[in-house]
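Structural overview for review
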Amino acid sequence: MYVDEKEVSPEVSAFAVVDPTAKSTILVGYMLFSPDGKRFAYAKPVPGGIAAVIDGKVGRAYDTIGVLQFSPDSKHDFYVGNRTLSFMVVDGQELPGTGTVKNFVYSKEGGRLGYEAYSPQTGFHVVVDGKDSPNFHEIVANSLTFSPDGKHYAYSACTNYSQCQVIVDGVGTNVSSLVPFTTRARPPIDFPSIFFSDDGTRMVYAWPKPDGVSGNVIIINGQEIMHGRGLFEFPAFSPDSKRFATMNWNGKTYALSVDGKAGPTYDDFLEVNRNVARFLDSHTYRFLGVKNGSVYRVVVDLGG
């Protein structure tokens, strides 16, 4: 292994790398650089097994090294050492072992780390900043998220069938389940089921309210802003975080809804890619609507 034309190790071993374009995809790596390019890590054989080496410092030996990752700000790191159990090693500190760990999420700011853990004895739980949540029957896949400023975290978990919660900074709100933000396209374009506005002050999710009237309900900061049937597609906060928009398919027509207010309907909507419907700025939204067999580039002025 060579870095900057200098040999750093005569022998290396494979480890796992999370594909940034698809969190569920694990790639094989032999060298990992931090986002700022100033730090590097790899794994190598040592007496007793395989060790991770971060910035030249050799860790303890494990049977294998699993996922190895740097934080977005390059200041923090973790890896998974496997030795009968899975051990998270965060910034050089080994945490208690468990059965499996997955779905690792770093905050964009502040270097906060969260992930899902599973043990046959206790079930599923979430770990944030090294602290375990209560145990659950199930964690809603890929629901764990941090606010952009790293001050808040959220995820959804279930204690039983149709008995779930949306948990924000450790405080839960009961829901039956989450409604996914996805599209009719095949393969679908999926969006996070829970996410924060850019300024970190607003958080959105949707759930099926079982009152026989509301259908699916979009919740922002605990307040119901929209009811609807069908799909909520391309959800987004405006760049200034003041508005929330989504394309709503009710099974027959599409309409853009902003802050819960629906606009004119269209026969269809082109789901070409993730950016086909989006805010151009804090006051303008664009999408491609279909009406009477014609495609229209629709630009909506939302006002000041």
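Parameters at a glance
- Each chain carries its own residue numbering, running from 1 in the direction its sequence is written.
- In keeping with the predicted nature of the model, local features appear solely for residues at pLDDT of at least 70, side-chain atom pairs appear and are counted solely at 80 or more, and the whole-chain, interface and lining totals rest on all residues.
- Excluded from the side-chain calculation are hydrogens and water; included are all heavy atoms of the structure.
- Paired strands, in this sense, are two strands between which DSSP finds at least two bridges.
- Working definition: helices are DSSP H or I runs of at least four residues, strands are E runs of at least two. Numbering for both runs from the N terminus.
- Fitted lines through C-alpha atoms serve as axes, helices being fitted only where they are in contact, and the angles separating the N-to-C directions of these axes extend from 0 to 180 degrees.
- Disulfide: a pair of cysteine sulfur atoms within 2.5 Å of each other.
- Only protein chains enter the calculation, and the probe is 1.4 Å; a residue is then buried if its accessible area is under 20% of its type maximum, exposed if over 50%, and partly exposed in between.
- Only buried residues count toward a nonpolar core, which is a set of Ala, Val, Leu, Ile, Met, Phe, Trp, Tyr and Cys residues joined through side-chain atoms within 4.5 Å.
- Should any heavy atoms of two residues lie within 4.5 Å, those residues are counted as being in contact.
- Planes of paired rings set the category: under 30 degrees apart is stacked, over 60 is edge-to-face and the rest tilted, where pairs are Phe, Tyr or Trp rings (Trp by its six-membered ring) whose centres lie within 6.5 Å.
- Either the NZ atom of lysine or the CZ atom of arginine qualifies as a charge over a ring when it sits within 6 Å of the ring centre and within 35 degrees of the ring normal.

Digging into the sheet that holds strand β29 (residues 261–266)
Strands sit in the order β26-β27-β28-β29 across an open sheet of 4 strands; the sheet is antiparallel. Two strands bound the open sheet, and with one partner strand each, they are β26 (231–237) and β29. Adjacent strand axes in the sheet meet at a mean angle of 20°, parallel and antiparallel pairs treated alike. Both strand β28 (residues 254–258) and β29 contribute to a ladder of 4 bridges, which runs antiparallel. Bridged to Tyr-254 within β29 is Tyr-266.

Description of the state of the cysteines
Tallying each qualifying case throughout the model produces 1 disulfide. In this model, Cys-158 is linked to Cys-164 through a disulfide, with the two sulfur atoms separated by 2.1 Å. Between Cys-158 and Cys-164, the S-S torsion sits near 90°, and that sign places the bridge as right-handed. For Cys-158, a relative accessible area of 6% gives the class buried. For Cys-164, a relative accessible area of 6% corresponds to the buried category.

Re the nonpolar core
Grouped together as the largest cluster of nonpolar side chains are 29 residues, with contacts concentrated most on Ile-218, Tyr-285 and Phe-287. Elements with a contribution of two residues or more to this core: β23 (203–209), β24 (215–220), β26, β27 (244–249), β28 and β32 (284–291). For this core, the element with the most residues is β27, which contributes 4 residues. Other than its neighbours up to four places away in sequence, Tyr-285 contacts Phe-234, Ala-245, Met-247, Leu-256, Ala-277, Arg-278, Phe-279, Leu-280, Val-298, Val-299, Val-300 and Leu-302.

Some points on the packing of aromatic side chains
The tally for this structure, following the rule as stated, stands at 21 aromatic pairs. Ring geometry for Tyr-153 against Tyr-155: centres 6.4 Å apart, planes inclined by 5°, an arrangement best described as stacked. Tyr-155 shares its class with Tyr-153; the two are buried. By way of ring pairs, the aromatic residues Phe-191, Phe-234, Trp-249, Tyr-254, Tyr-266, Phe-269 and Phe-287 are connected into one cluster. The ring of Tyr-266 has Lys-291 lying over it, and the distance from NZ or CZ to the ring centre is 4.7 Å.

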